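Structure assessment
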Amino acid sequence: KKYICCLGTISSRKSSLMILKAFILSIKKLEENNHLNFIPTLVFAGRNDIGEKFEKYLFENPNIIYLGEITHREALILTCNSNGSINVSSCEGIPRSSLEALHFGIPSILSGAVPEFMEFCKESCFNLLNKSNEKELSILINKLIMYPEIFSLSNKKYPLYKHDYK
């Protein structure tokens with residue numbers, strides 16, 4: 001099954017609800033235009049600080065899964081085998097989960113508001129969300145689903161062996 005992961009605390013500072021809404025909007029748009037051969041799943045893992053606001057989306061959308069808190073090894077396995085990663089937090093440096101996704105060459109959507117992402121992704125700024133809203137993010141999610149190769153930094157993989165985490 002194809003999936004996009006969002007790892008870390010589910011909170012307003014990580015824009016978790018915006019990610020949910022943008023993903024739902026993205027899937028609807030792709031379905032309307034008959035551009036989907038498959039429907040990807042959005043997988044969240046981490047502590048839920050939002051509570052019921054977040055959980056209501058889980059009941060309404062079978063393509064969104066919440067795993068709860070997981071170990072670091074489980075997070076690596078989840079990341080390594082994903083088709084994409086999203087982290088659009090606007091108030092932190094580079095989270096470990098994003099560094100790991102980039103390290104594995106996983107296509108990622110990152111926040112353009114984080115200067116460290118700009119530095120790290122100098123040659124591939126097309127995957128940075130510069131306007132923090134659902135519509136802009138849904139456009140990037142559509143592109144991530146349809147054309148994942150343009151989001152990948154796979155030519156910049158570092159020598160950590162992907163097969164160690166399968």
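Preceding this section is the structure that the text describes.
The following refers to the structure shown. (Residues numbered from 1 in each chain as written. Predicted model: local features only at pLDDT ≥ 70, side-chain atom pairs only at ≥ 80, totals over all residues. Heavy atoms only, no water.)

What to know about the overall build of the protein
- Scanning the protein from terminus to terminus reveals 6 helices and 6 strands.
- The N-to-C order of helical and strand elements in the protein reads β-α-β-α-β-α-β-α-β-α-β-α.
- Residues classed as buried in the protein amount to 49% of the 166 residues present.
- Within the protein, contacts between residues at least 6 apart in sequence are counted, and of these 64% link residues at least 24 apart.
- Accessible area for the protein stands at about 8700 Å²; split by element, carbon and sulfur atoms hold 51% of it. (Helix = DSSP H or I, 4+ residues; strand = E, 2+ residues; numbered from the N terminus. Buried < 20%, exposed > 50% of the residue type's maximum accessible area, 1.4 Å probe, protein only. Contact = heavy atoms within 4.5 Å. Areas by Shrake-Rupley, 256 points an atom, 1.4 Å probe, with all protein chains shown as cover.)

Considering helix α1 (residues 16-32)
- Helix length check: α1 (17 residues) gives 24 Å between terminal C-alpha atoms against 24 Å at 1.5 Å per residue, within 8%.
- Considered for burial, the residues of α1 that qualify are Ser 16, Met 18, Ile 19, Leu 20, Ala 22, Phe 23, Ile 24, Ser 26, Ile 27 and Leu 30.
- Following α1 by one or two positions, Asn 34 adopts a phi angle in the positive range, close to 50°. (Expected span 1.5 Å × (residues − 1).)

Looking at the pairing of strand β1 (residues 3-7)
- Here β1 lies mainly inside the structure; 5 of its 5 residues are buried.
- The alternating pattern of β1 places Tyr 3, Cys 5 and Leu 7 on one face and Ile 4 and Cys 6 on the opposite face, and all of these are buried.
- Relative to strand β2 (residues 41-45), β1 is paired through 5 bridges, and the arrangement is parallel. Across the sheet, residue Ile 4 finds its bridge partner in β2, namely Leu 42.
- Examined bridge by bridge, β1 and strand β4 (residues 84-87) share 2 bridges and lie parallel to one another. Residue pairing in the sheet places Ile 4 in a bridge with Gly 84 of β4. (Pairing = 2+ DSSP bridges.)

Some points on empty space enclosed by the protein
- If you walk through the whole model with that rule in mind, you get 1 cavity of 30 Å³ or more.
- Taken as a whole, the largest cavity encloses approximately 80 Å³ of empty space.
- Lining the largest cavity are 13 residues; nearest its centre among them are Cys 6, Leu 7, Lys 14, Ser 16 and Ile 19.
- Counting residues per element, the ones that place at least two in the lining of the largest cavity are β1, α1 and β4.
- Within the lining of the largest cavity, the residues separate by chemical class into 7 nonpolar, 5 polar and 1 charged. (1 Å grid on protein atoms, 1.4 Å probe; cavity = no way out; pocket = protein on both sides within 12 Å on 5 of 7 lines; lining within 4 Å. Points joined across faces, edges and corners; volume = space filled by probe spheres on them. Nonpolar A, V, L, I, M, F, W, Y, C, P; charged D, E, K, R; others polar.)

Considering the environment of Ser 138
- The topology assignment puts Ser 138 in helix α6 (residues 134-146).
- Note: C-alpha distance between Ser 138 and Ala 22 (116 residues apart in sequence) is 4.5 Å.
- Setting aside chain neighbours within four positions, we find Ser 138 in contact with Ala 22, Leu 25 and Ser 26.
- In terms of polar contacts, Ser 138 uses its side chain to reach the backbone carbonyl oxygen of Lys 135, at 2.8 Å. (Polar contact = N/O pair within 3.5 Å; in protein donor to acceptor, adjacent residues only side chain to side chain.)

Here we look at the packing of helix α3 (residues 72-80) against helix α4 (residues 96-103)
- The N-to-C vectors of α3 and α4 enclose an angle of 40°; their axes lie 10 Å apart at closest approach. Regarding the angle of α3 to α4, the classification is oblique. Handedness of the crossing formed by α3 with α4: right-handed. Within the contact between the two elements, α3 uses His 72, Leu 76 and Thr 79 and α4 uses Arg 96, Glu 100 and Ala 101.
- Residues that form the contact of α3 with α4 fall into these classes: 2 nonpolar, 2 polar and 2 charged. (Axes fitted to C-alpha atoms, helices over the stretch in contact; angles between N-to-C directions. Parallel < 35°, antiparallel > 145°, perpendicular 65-115°, else oblique. Left-handed = near helix turned anticlockwise from the far one by under 90°.)

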